[in-house]
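# Residue-level structure breakdown
Okay, here's what each chain looks like letter by letter:
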Amino acid sequence: MNYRHAFHAGGFADVIKHIVLARILTYLQDKPAAFRVIDTHAGAGVYDLTGDEGRRGGEWLTGIARVMQARFSETTASLVAPYLDIVRAFNSQRELEVYPGSPLIARALLRPQDRQTACEVEPKARKHLIDALRRDTQARVVDLDGWLALPAFVPPNERRGLVLVDPPYEQKDEFERMAEGFAEAFAKWPTGSYLLWYPVKSRRATDSLARHVAQAVGGGPSLGKCLRLEFSVAPQNAGTNLTSAGLLIVNPPWTLAGELRTILPELEKPLGQGGAGRYKLETPKP
């Protein structure tokens, strides 16, 4: 699978991932101690929804565009507000023209004492990311392969924070590299939070990844916790666009599971394609 992000920016997978990202960082803000966000496969930072790739992919039309127009309960509206407010800040009040990627969403939720490390090796994407961050002193863009960065940058000096791992899945072994890289990083920083994204194309591959992550968490020096979230907007058929994606969330905030059980049912209708979407939220078993 080639997950070139410019074609998929603002799609349902981004919406789910970025809502979770915003909820975790909002929780980290509750304590005054500094935290760090490490983004191993950061991408270009900002994506033009009106450009050639955005128009050709068009996934934002059934993703963020629908969510921006959806009516939520008061509780869910307050929970998704940090995320939607960031998206709105990048756009005019009437038009949805650009979509901020993970580094820009994370940057918007940093306080003065917090820091961000964003890794990107593709030259064009890295240049766009540097331009998007405007050489921000709190956000460092690093020309380093994300799989090398994953164990290299933990634990951070701040001792609190989140590692986001969202590779392009262009190589056949990236599920294995995710499992191995996470296990190595977790052994070095078992108290950090981790957000691992994956496409759901092969049930065998996704179940194997969840099992390996759960094994690493359960066998670590401290008893960790792990959530597995999968969201599907339609049945997955061969040769079609991605319709199901997942997240493994290690050391989630204690509030997150309850928040997701409130938010996710209200996303099933706006994100569903040809019917309501569906989600699964569970604790993976080793």
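Refer to the structure presented above.
## A closer look at the overall build of the protein
When helices and strands are tallied, the protein shows 12 helices and 10 strands. Computed over C-alpha atoms, the radius of gyration of the protein comes to 17 Å, within 12% of the 19 Å expected from 2.2 N^0.38 for 286 residues, which places it in the range of a compact globule. In terms of overall dimensions, the protein has a C-alpha envelope of 45 × 40 × 40 Å along the principal axes. Here the protein holds 286 residues, and the buried ones make up 56% of them.

## Quick notes on helix α9 (residues 174-188)
Here α9 contains 15 residues, and its C-alpha end-to-end distance of 21 Å stays within 8% of the 21 Å for a straight helix at 1.5 Å per residue. Glu174, Phe175, Met178, Ala179, Gly181, Phe182, Ala185 and Phe186 are the residues of α9 that are buried. Against α8 (146-152), β6 (161-165), β7 (193-199), α10 (203-218) and β9 (244-250) lie the buried residues of α9.

## Quick notes on the layout of surface pockets
Here the largest pocket is characterised by a volume of approximately 980 Å³. Lining the largest pocket are 41 residues, with His5, Gly43, Ala44, Glu120 and Ala125 sitting closest to its centre. Among the elements of the structure, α1 (5-8), α2 (12-28), β2 (46-48), α3 (52-57), α7 (123-133), α8 and α9 are those that each provide at least two residues to the lining of the largest pocket. The residue makeup of the lining of the largest pocket, split by class, is 14 nonpolar, 12 polar and 15 charged. Put simply, the second largest pocket is a space of about 310 Å³. Taken together, 15 residues form the lining of the second largest pocket, with Tyr27, Leu28, Thr191, Ser193 and Asn251 sitting closest to its centre. Ranked by the residues each element gives to the lining of the second largest pocket, the list is headed by α2, at 3 residues. For the lining of the second largest pocket, the per-class residue count stands at 6 nonpolar, 5 polar and 4 charged.

## Quick word on the pattern of salt bridges
All told, the structure shown has 15 salt bridges when counted by the stated rule. Through salt bridges that share partners, Arg203, Asp207, Arg228, Glu230, Lys280 and Glu282 make up one connected network.

## Let's talk about the packing of aromatic side chains
Considering all chains together, one arrives at 6 aromatic pairs under this definition. Geometrically, the ring pair formed by tryptophan 189 and tyrosine 194 is edge-to-face, given 6.2 Å between the ring centres and 65 degrees between the ring planes. Judged by relative accessible area, which is 1%, tryptophan 189 ranks as buried. Of the aromatic side chains, those joined through ring pairs into one cluster are Phe182, Phe186, Trp189 and Tyr194. Over the ring of tryptophan 197 we find lysine 17; its NZ or CZ atom is 5.8 Å from the centre of that ring.

## What about the environment of serine 202?
Here serine 202 shows up in the loop between β7 and α10. The exposure class of serine 202 is partly exposed, given its relative accessible area of 34%. As for serine 202 and glutamine 236, which are separated by 34 residues in sequence, their C-alpha atoms are 9.9 Å apart. Among the polar contacts listed, one links the side chain of serine 202 to the backbone nitrogen of alanine 205, at a separation of 3.2 Å.

## Some remarks on the sheet that holds strand β5 (residues 139-142)
The strand order β5-β4-β1-β6-β7-β9-β8-β10 describes an open sheet built from 8 strands, whose pairing is mixed. The two strands at the open ends of the sheet, each matched to only one other strand, are β5 and β10 (278-282). Taken over all neighbouring pairs, the strand axes of this sheet differ in orientation by 15 degrees on average, direction set aside. Against the sheet, α7 makes contact with β4 (115-119) and β5, and its axis sits at roughly 170 degrees relative to β5, the strand it touches most.

## Comments concerning the nonpolar core
In this structure, Tyr83 and Leu267 are the most contacted members of the largest nonpolar core, which totals 82 residues. Among the nonpolar cores identified, the runner-up in size contains 7 residues, and Ala42, Ala118, Leu129 and Leu133 belong to it.

Conventions used here
- Residues numbered from 1 in each chain as written.
- Predicted model: local features only at pLDDT ≥ 70, side-chain atom pairs only at ≥ 80, totals over all residues.
- Heavy atoms only, no water.
- Helix = DSSP H or I, 4+ residues; strand = E, 2+ residues; numbered from the N terminus.
- Rg over C-alpha atoms; globule rule 2.2 N^0.38 Å.
- Buried < 20%, exposed > 50% of the residue type's maximum accessible area, 1.4 Å probe, protein only.
- Expected span 1.5 Å × (residues − 1).
- Contact = heavy atoms within 4.5 Å.
- 1 Å grid on protein atoms, 1.4 Å probe; cavity = no way out; pocket = protein on both sides within 12 Å on 5 of 7 lines; lining within 4 Å.
- Points joined across faces, edges and corners; volume = space filled by probe spheres on them.
- Nonpolar A, V, L, I, M, F, W, Y, C, P; charged D, E, K, R; others polar.
- Salt bridge = Lys/Arg side-chain N within 4 Å of Asp/Glu carboxyl O.
- Phe/Tyr/Trp six-rings, centres within 6.5 Å; stacked < 30°, edge-to-face > 60°.
- Lys NZ or Arg CZ within 6 Å of the ring centre and 35° of its normal.
- Polar contact = N/O pair within 3.5 Å; in protein donor to acceptor, adjacent residues only side chain to side chain.
- Pairing = 2+ DSSP bridges.
- Axes fitted to C-alpha atoms, helices over the stretch in contact; angles between N-to-C directions.
- Core = buried A, V, L, I, M, F, W, Y, C linked by side-chain atoms within 4.5 Å.

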